[in-house]
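Structural overview for review
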There are 4 protein chains.
Amino acid sequence: MEESQKKLLARVKRIGGQVAGVERMLNEKRYCVDILNQIAAVRSALDALGVELLTRHLESCVLGHGSDNEHPEAKAMSQQELLAEVKTALSRFL
Amino acid sequence: MEESQKKLLARVKRIGGQVAGVERMLNEKRYCVDILNQIAAVRSALDALGVELLTRHLESCVLGHGSDNEHPEAKAMSQQELLAEVKTALSRFL
Amino acid sequence: MEESQKKLLARVKRIGGQVAGVERMLNEKRYCVDILNQIAAVRSALDALGVELLTRHLESCVLGHGSDNEHPEAKAMSQQELLAEVKTALSRFL
Amino acid sequence: MEESQKKLLARVKRIGGQVAGVERMLNEKRYCVDILNQIAAVRSALDALGVELLTRHLESCVLGHGSDNEHPEAKAMSQQELLAEVKTALSRFL
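Remember, predicted model here, so these are calculated numbers, not experimental data. (Residues numbered from 1 in each chain as written. Chains lettered and ligands numbered in written order. Predicted model: local features only at pLDDT ≥ 70, side-chain atom pairs only at ≥ 80, totals over all residues. Heavy atoms only, no water.)

Looking at the environment of Ile-15 of chain D
The line we're drawing: Strands here mean DSSP runs of E at least two residues long; helices mean DSSP runs of H or I at least four residues long; both are numbered from the N terminus. Whether two residues are in contact is decided by their heavy atoms, any of which lying within 4.5 Å being enough.
Structurally, Ile-15 of chain D can be placed in helix H1 (residues 3-27). Sequence separation of Ile-15 of chain D and Asn-27 of chain D is 12 residues, and the distance between their C-alpha atoms is 19 Å. Ignoring any residue separated from it by four or fewer positions in sequence, one finds Ile-15 of chain D in contact with Val-19 of chain C together with Val-42, Ala-45, Leu-46 and Leu-49 of chain D.

Let's talk about the nonpolar core
Definition in use: Here the nonpolar core consists of buried residues drawn from Ala, Val, Leu, Ile, Met, Phe, Trp, Tyr and Cys, with membership extended through side-chain atoms lying within 4.5 Å. Accessible area is worked out with a 1.4 Å probe on protein chains only. A residue is then buried under 20% of its type maximum, exposed over 50%, and partly exposed in between.
By size, the foremost hydrophobic cluster in this structure holds 130 residues, and its most contacted members are Ile-39 of chain A, Ile-39 of chain B, Ile-15 and Ile-39 of chain C together with Ile-15 and Ile-39 of chain D. Excluding anything up to four places from it in sequence, Ile-39 of chain C contacts Val-22 of chain C together with Leu-46, Leu-49, Gly-50, Leu-53 and Phe-93 of chain D.

Some words on the interface of chain A and chain B
It is common to report an interface's size as the accessible area lost on association of the parts. Note the cut-off: Buried area: the sum, over both parts, of the accessible surface (1.4 Å probe) that disappears when the two are put together. Salt-bridge detection follows one rule: a side-chain nitrogen of Lys or Arg within 4 Å of a carboxyl oxygen of Asp or Glu. Here a polar contact is taken to be a pair of N or O atoms separated by no more than 3.5 Å, where protein atoms must pair a possible hydrogen donor with a possible acceptor and residues adjacent in sequence count only if both atoms sit in side chains. Under this grouping Gly is polar, as are all residues other than the nonpolar Ala, Val, Leu, Ile, Met, Phe, Trp, Tyr, Cys and Pro and the charged Asp, Glu, Lys and Arg.
Across the contact, 43 residues belong to chain A and 43 residues belong to chain B. Overall, the association of chain A and chain B removes approximately 4,100 Å² of surface from exposure, summing both partners, and the carbon and sulfur fraction of that is 69%. Three residues, Leu-26, Tyr-31 and Arg-43 of chain A, lead the burial of chain A against chain B; their summed loss comes to 18% of the area buried on that side. The interface formed by chain A and chain B holds 4 salt bridges in total. Among the salt bridges present, the one from Glu-23 of chain A reaches Lys-13 of chain B, with a minimum N-O distance of 2.8 Å. Inspection of the chain A/chain B interface yields 16 residue pairs in polar contact (both at pLDDT 80 or more). For the side of chain A that touches chain B, the elements supplying multiple residues, two or more each, are helix H1 (3-27), helix H2 (32-63), helix H3 (72-75) and helix H4 (79-93) of chain A. Looking at which element gives the most residues to the side of chain A that touches chain B, the answer is H2 of chain A, with 19 residues. Of the residues in the side of chain A that touches chain B, the class split is 25 nonpolar, 7 polar and 11 charged.

Thoughts on helix H1 (residues 3-27) of chain B
Just so we agree on the cut-off: Multiplying 1.5 Å by the residue count of a helix minus one yields the expected span of that helix.
Here H1 of chain B contains 25 residues, and its C-alpha end-to-end distance of 37 Å stays within 8% of the 36 Å for a straight helix at 1.5 Å per residue. By the burial criterion, the buried members of H1 of chain B are Gln-5, Leu-8, Leu-9, Val-12, Ile-15, Val-19, Gly-21, Val-22, Met-25 and Leu-26 of chain B. Packing partners of the buried residues in H1 of chain B comprise H1 and H2 of chain A together with helix H2 (32-63) of chain B.

Considering the relation of the copies chain A and chain B
Inclusion rule: Only residues with pLDDT of at least 70 in both copies count here: their C-alpha atoms drive the least-squares fit that superposes the copies.
The transform that puts chain A on chain B rotates by 180° and translates by 0.0 Å along the axis, for an RMSD of 0.0 Å. Both copies are brought into coincidence by an operation consistent with a two-fold rotation axis. By residue overlap, the copies meet face to face through one surface: 100% of the interface positions of chain A are interface positions in chain B.

Looking at the packing of H4 of chain A against H2 of chain B
Just so we agree on the cut-off: Note on definitions: angles span 0 to 180 degrees between N-to-C directions of axes, and those axes are lines fitted to C-alpha atoms, for helices only across the stretch in contact. Roughly parallel here means an angle under 35 degrees, roughly antiparallel means over 145, roughly perpendicular means 65 to 115, and every remaining angle is called oblique. In this scheme the handedness of a crossing depends on how the near helix is turned from the far one: anticlockwise by less than a right angle means left-handed, clockwise means right-handed.
Orientation of H4 of chain A relative to H2 of chain B, taken along the N-to-C sense of each, is 15°, at an axis distance of 9 Å. Looking at the two axes, H4 of chain A sits roughly parallel to H2 of chain B. Viewed along their axes, H4 of chain A and H2 of chain B form a crossing whose handedness is left-handed. In this structure, H4 of chain A uses Glu-85, Ala-89, Arg-92 and Phe-93 of chain A to contact H2 of chain B, whose residues at the interface are Val-33, Leu-36, Asn-37, Ile-39, Ala-40 and Arg-43 of chain B. Taken together, the residues that form the contact of H4 of chain A with H2 of chain B break down as 6 nonpolar, 1 polar and 3 charged.

Description of the confidence of the model for chain A
Worth spelling out the cut-off: The predictor reports its confidence for every residue as pLDDT, a score running from 0 up to 100.
Of the residues in chain A, 99% have a pLDDT of 70 or more, and the chain-wide mean is 93. Taking the mean pLDDT of every element in chain A, the minimum, 91, falls on H3 of chain A and the maximum, 96, on H1 of chain A.

Have a look at this one:
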C-alpha cells in the first residue's frame, strides 16, 4: 500500500477512536463542556483529513489528469468538470 | 435513562458508523470526491451533536444553575464562570 | 454607550476595513493565495464577533430574562423559547 | 476587465454592504439574534467568495502553470509548491 494511503487510514482510525471516546464520555455522564471540547477535537481531525484527501485528489486526478495516478472515475471527465466537482466539494465543507 | 441522553447516544453511534464508512471507502479505493462528501456529512452530524449538547448544557447547568439538573462539575462555579466557559467552548467550534 | 457595545462596534468597523482590504487586493490583482488568507482572517474576525454577541445575548436576555438588561424583543418569550432560538442561531453558524 | 474578476468584485462589494448592515443593526440596538443571523449570512457569503477565488486559482495558476493566465507570483514556483500552498490555504479555512 502506498504511503499516503496508509497515513489517511491511520488518520481515519484515530478519528474512529476519538468518536468512541465521545460515546464513552456520554455514558460516564462526564461534564458537558469536556465532551464539547472532545467533539471540537474530532471536528478538527476530520477537517485535516478532508484537506489531506482533497490535496491528494488535486495531485493525482486533477493535475494528474490523463496519468496513471488518476482514479478510474476521473478518467471519463474533462479537467473543467473535475474543477467544477472540486468547487462543489469545497462548498460542502465551507 | 432520560430521553435527551438516549438521543445523544444514538447520534454519536450513528457518527461512529459514518466514520467506519469513510474507512471502508478508503480501503475500497473509492473515488476521492465521494469520500470527501461522506466526510462533509460526518462533519455536519458532529456539528449538530455539538449544538445539541451545548443547548442541553445551557439548559441544565447555566440556566439550571443551583437546580438538581446541574452537573456536579458546574455546581462549584459561578454563573459568570459558566458563561466564560461556554464562550471558550464556542470559540473552539467557530 | 456601555463598554461591551463600544467593543462590538469597534470589532465590526475593523471587519469593514478588512473587507475593504480584500476589495483593494482584488483591484490591484494581488496574488490569489494572499487574498484567500485575508478572507480567512475576516472569517475568523466574524466568528469572534458572533461568539461575543452570542455570549452577551446569553447573559443579558437568556440568563437575564425578566431583568432590566433584557432586550425588549426577548421579554415576550419564555426561557424555553429563548433557548430554542439560541439553538437555531448556533446551527446557522456551525 | 475579465468576467470572473467583475463577479468577484461584485461579491466583495455586497459583503462590504452586509458588514455595514451589521454595524447599523448594532447602532440601532436591534435584537441580538437578528444580528447573529446577519453575521451568519456574511460568513456564508465570505465562504462562497473563498471557494470562487480558490477555484479560479486552481484553474489559472495550478492547472494553468506555465500558461499566460498564471499570476506572476506563481510563475517562480513548482506545481508541487503550488499544491502545498493550496493545502495551507485550505487549512486556514477549515
